[in-house]
Amino acid sequence: MNAVGSSPRRGGGYGRVTGHQEYLADIKLPDALHVKLVTLECARARINAIDSTEAEQVPGVHFVMTAADLPDPMPRFGPQFQDRPVIAVGETKYHGEPVAAVAAETKDAAEEAALLVKVDYTKLEDGIFSVADALAPDAVLVQDPALRGASSFAQTNIIDEKHFGWGDIDDQEAHLVVEDSFQFPMVTHFAIEPHGFMAAPDGDGIEVWSTIQHPYLLQKIMAKMLDLPLSKVRVHAPDPGGGFGGKQIPKFEPLVAFMALRAGRPVRLVLSLDETFQQVRRSSAEIRVRAGFTAEGVFTFMDIETNFLVGAYVDIADRVVSKSSYSGAGPYRIPAVKIIGRTILSHTTPSTAFRGFGIPQIGWARESLIDEAALQLGIDRLQIRLLNLARYKEPFIPSEEADGDWEQTVRTAAKRIGWGDPLPPNRGRGIAVGLKSGPTTGLSYSTVRLLYDGSAMVYAGTSDMGQGARTIFAQITAEELGVPLDDITVVMGDTSVVPYDQQTSASRSSVLMGTAVQRACFEIQGKVRAMAAKLYNVDEGDIKVDQGRLLLPDREFSVVDVMQEALAPLGGEVIGNGEMRKDKEPDHPLGGTAAFFEFNCTASEVEVDMETGHVTLVKHVTVGDVGKALNPLQVTMQDDGAAIMGLGHTLMEHYIFDNEGRVRNIGAIDYRILTSMDLPLDLHSESVENADGPGPYGIKGVSEGSLLVTAPAVGAAVREATGKIIRDLPLTPQRVWEALQEDENGS
Amino acid sequence: MNRTLTIETTINGRRRSLDVAVNHTLLDVLRDDIDLTGTKECCVVGECGACTVIIDGRPMNSCLMLAVEIDGSEVTTVEGLELEEGLSPLQGAFLDEGATQCGFCIPGQLMAATALLQQNPDPTVEEIQEGLAGNLCRCAGYEQITKAVLAAARGVKQ
Ligand code: FES
Ligand code: FES
């Protein structure tokens, strides 16, 4: 069995091409009530009164839930701070925050009634929609200081300010100092599956269904809010139809749970795409970078200050800020670094995890600034990066060392893009280097059952949201037990059936859950080896196990054959358990070192239409250090997909707000993502494989690498083609055209 | 209650007489009334293609059509693609080429591609990209989807 390194058909693929895959909205709970949310047409408002009389008269309507129907004080929750209310209480803090929820027998009735709920509200001026608004001396406070605990920032809109760094930047000499400021827009995940939530009373407990990426986090939060033991909260998490980070953190699960308990029946809330747009987004950011170089282009210091504009509730955004800031200086050898990252509240959609976790924002600024330095020093943009890149095993951040041959990755990308080859007119090339920390802590358990007929079941609490975790775990099991891939079933998504997993994030699952699955297989191998020793009267120590074969001194058997012989005639199975734990390191600024780094080099060649400002991607190359591609096709799918997603925020995606904080381009008509017509003419993804990762067979995490520095690579190419530096994304034709006009006017 | 009308239609080869609410879209009826949930709901404004079905040989966004409009028509949904002997060549190619990530857009992609291949059995890459331009994939498996449609076209031709 050579399952590792092969690219079999995707686990769960049959259901996905036949329409039989059950996503959340496809699950019909008998007797379920339909829920529709009531929202206001502004961001910040005082709720004076809510009159549901008329709505409750619509035939089929059971009740309208508002803050008044929930415990007082309002229960609040969140992964970092308990700041998000079950439903808006007293005041709405972002456009799209629900103030009431209708429960009715049909969708039609719920929708009709939602329009009849009369909300008496007062629009409040002075909403906070930008970093400048938030930090103004007389700014209104987005959150009540009483909810902010002992934070020294409680009387401000700053949630926290992170300080990282090493050395003393003021002590460093520099031949050249460059400084600039950049902006990164608010963008949304736009998973094609909108978010959905269901709940049902379950005896003395509750059952919850959600499009969530982290079922066990949801279980914990629900248990706490409802004061139930974990064993009485059953979370069903069907494979999400795309997550990208947006489905990590609970949103309306507590609301539907309270409604189900009140109704004594299942309730169902499936958001529309438009509603989903208002619930999740990436943090926008304003980034100032300053860096010093020797005349040869060697870094002497870097100084980064980033203001992340998060939303009305913190969600996981403060972790985005700390984790991305910590490695914000990138994979370079820099003697002195100072980093400040601020988490700043605003009256906008709460931002959350989003593929890249803050790195695309900082990477856009840092890599663009390095190009400026190269230009001023007269050094090639590739060379300045190679010159400063940390070498394998070199510590580049205190406590973190380079975990790969990063130079090889950069050189490969440069070669593929034809770096240095002559360029036709109106063309330009750019290259950029990105680095993201993998998980800093982790805990994954897996159970594998080798069944009597030689098939196997794998239990893993990972969510397969498109990355193909089902395939990976089956491949590991096939490799270790010699079971054909088609005979392996991977069970996920039910906390009553599958053991605990911390979460599906940070490209962790192949490495962490993969190790747990492999260890479960090892346990089975051990048990079967003991069976063989007994059956054939050999010393256990003399039996080796390799790819599902038991190698005895004089003969060999398959694991399955030995198991069957040992278990006959009753049958049965052999069960293995595996655990992978990456413990907290209390003294580490992030609570733990990175399990691995996602290291990527992106290079792009563009052609700019000087009349219209339109940017065509002639060639786009992304190379990632993946350790080992356990499934090469899936790695390519992740890399291509992430690159194309990165081109979204680079070229076209951004929320547009009006001055009342309303998002003006909600939905698929007004908010554009790349289609099959917008692709690079030539898209090339490649992996560097040195089997030097911490996961099974030397793998590292993949999935995020190729969008980390899409923007600076493309931005640099546009700069070379046009001679204009653009500091704000996306690089829409209008923005590029305007930059070109500046040129002509000499301004 | 909403007014209903009775329509006669053939869905995936099966003749059906359905009482449908006059305000319900075809997507509503497929998913909610007759449990054909393979057809997906995303934008409901005709921009994402997740709800694509084939009506009388043409790919249509079922979120934009009222169910009453299919009276007398023949409808194929993703559930109707599988052949007696198993997956259709196109479905197989989607799996072999890695076109299927989260899978949520895939029913729509398959229906648009099936209709495309019916009209143009030998499409170029550009024709495929154009034919599927109305089907968004946020996992962005566009390259793999295009390859799968090409592979299916070649396979069918042989
Ligand atoms: S749901 Fe019909 S086109 Fe998007
Ligand atoms: S496969 Fe996920 S949206 Fe297309």
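Note that this is a predicted model, so its numbers are computed, not measured. (Residues numbered from 1 in each chain as written. Chains lettered and ligands numbered in written order. Predicted model: local features only at pLDDT ≥ 70, side-chain atom pairs only at ≥ 80, totals over all residues. Heavy atoms only, no water.)

A. The arrangement of the overall build of chain A in detail. A tally of regular secondary structure across chain A gives 17 helices and 30 strands. For 747 residues, the compact-globule estimate of 2.2 N^0.38 gives 27 Å, and the C-alpha radius of gyration of chain A, at 27 Å, lies within 12% of that figure. Summarising its shape, the C-alpha atoms of chain A cover approximately 90 × 75 × 50 Å along the three principal directions. Burial analysis of chain A (747 residues in total) assigns 65% to the buried set. In chain A, once contacts between residues fewer than 6 apart in sequence are set aside, the share between residues at least 24 apart is 79%. Charge centroids of chain A, computed over 68 positive and 102 negative side chains, lie 2 Å from each other. (Helix = DSSP H or I, 4+ residues; strand = E, 2+ residues; numbered from the N terminus. Rg over C-alpha atoms; globule rule 2.2 N^0.38 Å. Buried < 20%, exposed > 50% of the residue type's maximum accessible area, 1.4 Å probe, protein only. Contact = heavy atoms within 4.5 Å. Lys, Arg positive; Asp, Glu negative; His and termini not counted. Charge placed at Lys NZ, Arg CZ, Asp CG, Glu CD.)

B. Geometry of a nonpolar patch on the surface. There is a patch of nonpolar side chains on the surface, built from Ile669(A), Val44(B) and Val45(B) and spanning about 220 Å² of accessible area. The topology assignment puts Val44(B) in the loop between α1 (26-33) and β3 (52-55). (Patch = residues over 30% accessible without salt bridge, like charges linked within 9 Å, V, L, I, M, F, W, Y side chains within 5 Å. Areas by Shrake-Rupley, 256 points an atom, 1.4 Å probe, with all protein chains shown as cover. Salt bridge = Lys/Arg side-chain N within 4 Å of Asp/Glu carboxyl O.)

C. Geometry of the packing of helix α12 (residues 469-481) of chain A against helix α13 (residues 512-536) of chain A. All names here are of chain A. Relative orientation of the contacting elements α12 and α13 amounts to 25°, with a least axis distance of 9 Å. Considering their axes alone, α12 and α13 lie roughly parallel with respect to each other. As α12 runs across α13, the sense of the crossing is right-handed. Of the residues in α13, those in contact with Phe 473, Ile 476, Thr 477, Glu 480 and Leu 481 of α12 are Met 513, Gly 514, Val 517, Gln 518, Cys 521, Phe 522, Ile 524 and Gln 525. Residue classes in the contact of α12 with α13 are distributed as eight nonpolar, four polar and one charged. (Axes fitted to C-alpha atoms, helices over the stretch in contact; angles between N-to-C directions. Parallel < 35°, antiparallel > 145°, perpendicular 65-115°, else oblique. Left-handed = near helix turned anticlockwise from the far one by under 90°. Nonpolar A, V, L, I, M, F, W, Y, C, P; charged D, E, K, R; others polar.)

D. Molecular detail of the pattern of salt bridges. Residues and elements named next belong to chain A. In this structure the tally under the stated criterion is 63 salt bridges over all chains. For Glu 573, the salt bridge goes to Arg 449, with nearest N and O atoms at 2.7 Å. Here the residue Glu 573 occupies a position in strand β27 (residues 573-582), and Arg 449 occupies one in strand β21 (residues 442-451), the gap between them amounting to 124 residues. Since its relative accessible area comes to 29%, Glu 573 is described here as partly exposed. Among the charged side chains, a salt-bridge network with shared partners connects Glu 161, Glu 179, Arg 288, Arg 290, Asp 303, Glu 305 and Arg 342.

E. Here's a closer look at the interface of chain B and chain A. In this complex, chain B contributes 47 residues to the contact, which on the side of chain A involves 49 residues. Carbon and sulfur atoms supply 59% of the area buried between chain B and chain A, which totals about 4,100 Å² over both sides. Here chain B is connected to chain A by seven salt bridges. For Lys28(A), the salt bridge identified is with Asp35(B), shortest N-O distance 2.5 Å. (Buried area = accessible area lost by both parts, 1.4 Å probe.)

F. A look at the domain arrangement of chain A. Partitioning chain A into structural domains gives domain 1 (31-125), domain 2 (284-439 + 589-745) and domain 3 (440-582). Just the C-alpha atoms count here: the centres of domain 1 of chain A and domain 3 of chain A sit 48 Å apart. (Domains from an automatic or database assignment.)

G. Spotlight on the nonpolar core. Membership of the largest hydrophobic core comes to 201 residues, with the highest contact counts inside it found for Phe190(A), Met259(A), Met302(A), Trp406(A), Phe94(B) and Val149(B). Counting residues per element, this core draws most heavily on helix α9 (residues 359-377) of chain A, which supplies nine residues. Apart from residues lying up to four places away in sequence, Val149(B) is in contact with Leu90(B), Phe94(B), Ala113(B), Leu116(B), Leu117(B), Ile128(B) and Leu132(B). Grouped together as the second largest cluster of nonpolar side chains are 47 residues, Val458(A), Ile472(A), Ala478(A) and Val574(A) included. (Core = buried A, V, L, I, M, F, W, Y, C linked by side-chain atoms within 4.5 Å.)

H. Molecular detail of the domain arrangement of chain B. Residues and elements named next belong to chain B. Along its sequence, chain B is organised into domain 1 (4-80) and domain 2 (89-153). In this assembly, 15 residues from domain 1 lie in contact with 14 residues from domain 2. For the pair domain 1 and domain 2, the summed buried surface comes to about 1,100 Å²; carbon and sulfur atoms form 67% of the total. Put simply, domain 1 and domain 2 have zero salt bridges between them. One can count four residue pairs in polar contact (both at pLDDT 80 or more) joining domain 1 with domain 2. If you tally residues by element for the side of domain 1 that touches domain 2, the top one is β3, at three residues. (Polar contact = N/O pair within 3.5 Å; in protein donor to acceptor, adjacent residues only side chain to side chain.)

I. View of the packing of aromatic side chains. Residues and elements named next belong to chain A. Throughout the structure, instances matching the rule amount to 20 aromatic pairs over all chains. When the ring of Tyr 94 is compared with that of Tyr 313, the centres are 6.3 Å apart and the planes differ by 80°; the resulting orientation is edge-to-face. You can see Tyr 94 sitting in the loop between β6 (91-92) and β7 (100-104) and its partner Tyr 313 sitting in the loop between β16 (299-309) and α8 (317-326), a full 219 residues away along the chain. With a relative accessible area of 2%, Tyr 313 lands in the buried category. Note on Phe 164 and Tyr 326: the rings are 5.2 Å apart at their centroids and 80° apart in plane angle, and the pair reads as edge-to-face. A residue pair is termed long-range when its members are at least 10 positions apart, and Phe 164 in strand β9 (residues 158-166) and Tyr 326 in helix α8 qualify at 162 residues. The exposure classification of Phe 164 matches that of Tyr 326, with both residues buried. Members of the aromatic cluster, connected to one another through ring pairs, are Phe 190, Phe 277, Tyr 655, Phe 657 and Tyr 671. (Phe/Tyr/Trp six-rings, centres within 6.5 Å; stacked < 30°, edge-to-face > 60°.)

J. Quick look at the environment of Gly241(A). Its place among the elements puts Gly241(A) in the loop between β13 (233-236) and α6 (253-263). Judged by its relative accessible area of 1%, Gly241(A) is buried. Spatially, the C-alpha atoms of Gly241(A) and Glu22(A) are 9.9 Å apart, while their sequence positions differ by 219 residues. Sequence-distant contacts of Gly241(A), that is, excluding residues within four places in its chain, are made with Tyr23(A), Ala191(A), Ile192(A), Glu193(A), Lys247(A), Cys102(B) and Phe104(B).

K. Quick peek at α8(A). Within α8(A), nine of the ten residues are buried, leaving the element largely enclosed by the surrounding structure. Residues of α8(A) that are buried include every one of Ala317(A), Asp318(A), Val320(A), Val321(A), Ser322(A), Lys323(A), Ser324(A), Ser325(A) and Tyr326(A), and no others.

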